[in-house]
Amino acid sequence: MASILRLAGGLLVAASAVAGWDFPQIITRDVAIIGGGASGAYAAVKLKQDYKKSIVVVEKAGRLGGHVSTYDDPKTGLPFDFGVQTFNDYDPARAFFARMGIEVGSAPRTALTSKYADFTTGAAVNFTPPANADRTAALGRFLNATAAYEQYTLPGYWKFPAPDKIPADLLLPFGQFVEKYQLQAAVNQVFQITGMGVGDMVNTLTMYVLAAFGQPMIRAFIGQGATFTPTSHRNIALYEAVSTLLGDDVLYNTTVVQSLRTPIGHTLWAKDALGKSTIIIARKLLMAIEPTPENMDPFNLDLQEQSVLSKFDYSNVHAGIVSHPSLPVNVSVVNTPAAAAPANYLALPKSNFNVRFDYMGSGSDLFRVLLVGDKKFDQAAAQELVRQNFAGLVKAGTLPATADPSGELQFRAWANHGAMHMRVSAAELKKGFIQKLYALQGHRETWWTGGAFAVQFQSILWAYDDILLPKMLA
């Protein structure tokens, strides 16, 4: 097997020489991991330390951590997390932080006053949010209505029912589920915290809304569970520690551009941002990136893989930090359609949208923005939408014009989270989509982790890896 893969690597080297590319280095590993986000980074640590496997992580960014984004403000020296805000206290989350030497504590919260406005017009909206007691009671009903289904979705779809046994509630559009169980008072919070990631939350299947705001999150908000963060208030500290541990086993700013995948192993040709090439020869391949067509293009998917992965729809999500004197300190300016007034809780923004301008606290001038859009919603479109929203709010008088109203909104940090909350239709689920998806595990000695195969929260993805890795190495 090794000789065959070396031959394949040699062919790629020869091809690169003919094409005039730099002569690449060649490395041989037990497992090649594509992607260093939550799933890939955790798997790399486990494989290297616990299973004593040689690994390499191919990561397109200059750091590990995926959706964890921390901005170290040069003005104040303070850190601000604008991607992942907190970690669910879901096994094995605390143990992973302890392993990496990161002290944790209760998640800090900055109390903000909400100001409601329709970002499509900039006009203020006379919206009345539900009372705290009503919201908590509705969240309790949400938990009671879905607790029995947790076994099917957490920490992965390993026990998902056969197509004819899927509970009807999971296949209901969420708006209908809300009406059925009288959850209206919880909708605004579900949407504003993480539910917005699915885009059109009202018409998304309840199963996928639960993937965005599931039982561990519900428990945290009704006092039956917990979340935490590093005591340093730098969420990225976890992945900085992982990066130190993995050392040269991570190829940063690198993507796979060509591959030869076989049932007995893989040869990958990777290139970094400076054009340096690496040939990776690996016995097993662990895919820890979202299986979008663009991401999968270098991996010559076969017909079985294509027929399953092509069914996915998804959102593109962006997070950023902006500043401008017109943005009000200690306030969250919340995107709220005019139709939501005074208390229509199922009236929510439509894609593409910016969720809100959130003051980030600590005496700063920083505000977090969070944007959700369709498959074509790239960084340029997302930032332009933020500019348009801000200008509309000022023009409508919802935000005050400053002495220099022509002053531009400043973008201080940005993170393109890319494809998230991958999902399919109820019709596909009834055709056995989940079973077909999981049948890809081990096919062509390729294994799959990440948000398309499990609920897209860091600690839940780690628990999913704990089930996957022994199967991969069996």
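Thresholds, definitions, all that
- Residues numbered from 1 in each chain as written.
- Predicted model: local features only at pLDDT ≥ 70, side-chain atom pairs only at ≥ 80, totals over all residues.
- Heavy atoms only, no water.
- Buried < 20%, exposed > 50% of the residue type's maximum accessible area, 1.4 Å probe, protein only.
- Helix = DSSP H or I, 4+ residues; strand = E, 2+ residues; numbered from the N terminus.
- Pairing = 2+ DSSP bridges.
- Core = buried A, V, L, I, M, F, W, Y, C linked by side-chain atoms within 4.5 Å.
- Contact = heavy atoms within 4.5 Å.
- Salt bridge = Lys/Arg side-chain N within 4 Å of Asp/Glu carboxyl O.
- Phe/Tyr/Trp six-rings, centres within 6.5 Å; stacked < 30°, edge-to-face > 60°.
- Lys NZ or Arg CZ within 6 Å of the ring centre and 35° of its normal.
- Polar contact = N/O pair within 3.5 Å; in protein donor to acceptor, adjacent residues only side chain to side chain.

The name recorded for the chain in an unreviewed UniProt entry is Amine oxidase domain-containing protein, from Chaetomium strumarium.

Draft legend 1. Main features of the pairing of strand β14 (residues 331-335). With respect to burial, β14 is a largely interior element, five of its five residues being buried. Burial along β14 is two-sided: Val331, Val333 and Asn335 and Ser332 and Val334, pointing in opposite directions, are all buried. Two elements, β14 and strand β15 (residues 353-359), share three bridges in a ladder whose sense is antiparallel. Across the sheet, valine 333 pairs through a bridge with phenylalanine 357, a residue of β15.

Draft legend 2. Fine view of the nonpolar core. Of all hydrophobic cores here, the largest spans 137 residues; its most connected members are Ile280 and Trp462. In terms of residue count, the dominant contributor to this core is helix α16 (residues 458-473) (eight residues). When neighbours within four sequence positions are excluded, tryptophan 462 is seen to be in contact with Ala38, Tyr42, Phe87, Pro92, Ala93, Phe96, Phe97, Leu238 and Tyr239. By size, the runner-up hydrophobic cluster in this structure holds 21 residues, among which are Leu327, Phe367, Leu371 and Phe377.

Draft legend 3. Local environment of the pattern of salt bridges. Going through the model one piece at a time under the given rule, you end up with 22 salt bridges. In this structure, arginine 99 and aspartate 50 form a salt bridge, with 2.8 Å as the shortest nitrogen-oxygen distance. Placement of arginine 99 in helix α3 (residues 93-99) and of aspartate 50 in helix α2 (residues 38-50) is noted, with a sequence separation of 49 residues between them. The partly exposed category is assigned to aspartate 50, whose relative accessible area is 36%. The shortest N-O distance in the salt bridge between arginine 219 and glutamate 150 comes to 2.8 Å. With arginine 219 in helix α9 (residues 215-221) and glutamate 150 in helix α5 (residues 150-153), this residue pair connects regions lying 69 residues apart in the sequence.

Draft legend 4. Just the packing of aromatic side chains, in detail. Following the criterion strictly, the structure yields 26 aromatic pairs and no others. Note on phenylalanine 213 and phenylalanine 221: the rings are 6.0 Å apart at their centroids and 25 degrees apart in plane angle, and the pair reads as stacked. By relative accessible area, phenylalanine 221 is classed as partly exposed at 23%. Between the aromatic rings of tryptophan 448 and phenylalanine 453, the centroid separation amounts to 5.7 Å while the plane-to-plane angle is 15 degrees, which identifies the pairing as stacked. Of the two residues, tryptophan 448 and phenylalanine 453, both sit in the buried class. Here a set of aromatic residues connected by ring pairs shows up, and it is made of Tyr157, Trp158, Phe160, Tyr438, Trp448, Phe453 and Tyr464. Lysine 471 extends its terminal NZ or CZ atom over the ring of tryptophan 158, reaching a point 5.2 Å from the ring centre.

Draft legend 5. Quick look at the side chain of asparagine 316. Within the secondary structure, asparagine 316 is located in strand β13 (residues 313-323). Here alanine 419 takes part through its backbone nitrogen, which lies 3.2 Å from a polar atom of the side chain of asparagine 316. For asparagine 316, the contacting residues outside a window of four places in its chain are Leu371, Val372, Gly373, Asp374, Lys375, Lys376, Phe377, Gly418 and Ala419.

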